[in-house]
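Architecture at a glance
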Amino acid sequence: MPLFRRRSGGEGAQGGAARRGFGFGRRGTGEPAAAGGGEPRLDPAYGDASVRLALRQAAHGDWADLRPALAAADDDERSFLVGAISAVPRVEQWTGRALADTPDDTLLLLLSGARHVSWGWEARTGARAKDVTEERWRVFHERLDTAEEQLLEVAEREPTWHAPWSFLQRSAMGASLGEEIAGCRFEAAVRRAPGDAGSHRTRLQQLSAKWGGSHEEMHGFARSVMLAAPEGSHLGELVALAHLEHWLALPDGEDNAYLTSPAVVGSLQEAAFRSVLHPDFTPARGWQASFNAFAMAFSLADQPKTARLLFDALDGVVTESPWYYLAGDPVKAFRAHRDRCASHWR
């Protein structure tokens, strides 16, 4: 049973999971490591010192120190860093001042546009559309309008960059620009970065029922992407995210029955063994997001042994998504589910 309500806020496969993946357990035996792992914490840097430095520079407005790292980054690295920095409060203040002095700085324009997307969503909040105030809607769209202008300019200046298209996807979803534009922007993003998890996560949301799609479209997209990707790809996480979105949409009682059903458990196991538990999985930067998604899904699906493998590998690194779907803060929810799953090994 779920440990928290978000509105009030095969044994054999589990055993097999202990023998697969990258270095799970103790010396590959399947025996769990020390119960509990590290202290749960939200870490936007994912334990990476270089990202932590960039976030600190962004928070202090040290553009002169931050810019060289962005300029030296390849396309994947740039997208990741800009995505992380876009969530830092008040970045819009110093980027706005800097752009007034250097309007031709494309990296600065990219960072400002990305921040305006995130800043816009902060104004909207995560509330259902019917619960968002008129004033919040106004501010949301004002910030997205600025983001659209800036990011489209970046895309024109640097046609090979992935980052502007990734943020333009999120902007299109928030501004309700329609399926044709949403689809074109997703295609533009994945042409430049075929395996990018963020672009695929945004597309999954666009196809979900709560954004005008359907469960069928969402699940079909997740599964087709998983099967098309190489085994060991991060993109198998889309299947777990799709099941969590479906679960979220169901009323009490039906939701738990859905996630614990043999069909859904089997689907989660197939996706995990094709991605995060596959021998070819490589923990590239940001891999913790995929593990958090599967850990939450397996815990809610009453598969504690498989979930425990994922929790142990995370060593306490919590990502806000998808834990914010549960009542309370993500760290509290992560800890409760991790501890419950750990108890099944004792």
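Being a predicted model, the structure only gives us computed values, none of them experimental. Sequence positions are assigned chain by chain, starting from 1 and proceeding in written order. The predicted origin of the model limits local features to residues at a pLDDT of at least 70 and limits the giving and counting of side-chain atom pairs to 80 or more, whereas totals for whole chains, interfaces and linings rest on all residues. Calculation of side-chain values draws on the structure's entire complement of heavy atoms; hydrogens and water are dropped beforehand.

Spanning 14 residues, helix α15 (residues 287-300) covers 21 Å between terminal C-alpha atoms, matching the ideal 20 Å at 1.5 Å per step. In this scheme, a residue with accessible area under 20% of its type's maximum is buried, one over 50% is exposed, and one in between is partly exposed, where area comes from a 1.4 Å probe on protein chains only. Strands are runs of DSSP state E lasting at least 2 residues, helices are runs of H or I lasting at least 4, and numbering of each runs from the N terminus. Most of α15 is tucked away: 14 of the 14 residues are buried. Just downstream of α15 lies D302, where phi reads positive at about 60 degrees. By definition here, a helix of n residues has an expected span of 1.5 Å times n minus one.

Before going further, it helps to examine the pattern of salt bridges. The working definition used for a salt bridge is a side-chain nitrogen of Lys or Arg within 4 Å of a carboxyl oxygen of Asp or Glu. Enumeration over the complete set of coordinates arrives at 21 salt bridges. For R223, the salt bridge goes to E270, with nearest N and O atoms at 2.7 Å. Remark: E270 occurs in helix α14 (residues 262-274) and R223 occurs in helix α11 (residues 215-228); sequence separation between them is 47 residues. Classification of E270 as partly exposed rests on a relative accessible area of 30%. Here D302 makes a salt bridge to R340, at a shortest N to O gap of 3.9 Å. On the criterion of sequence distance, the pair formed by D302 in the loop between α15 and α16 (304-314) and R340 in helix α18 (residues 330-342) is long-range, its members being 38 residues apart. In this structure, a network of salt bridges that share partners links the residues D48, E77 and R285.

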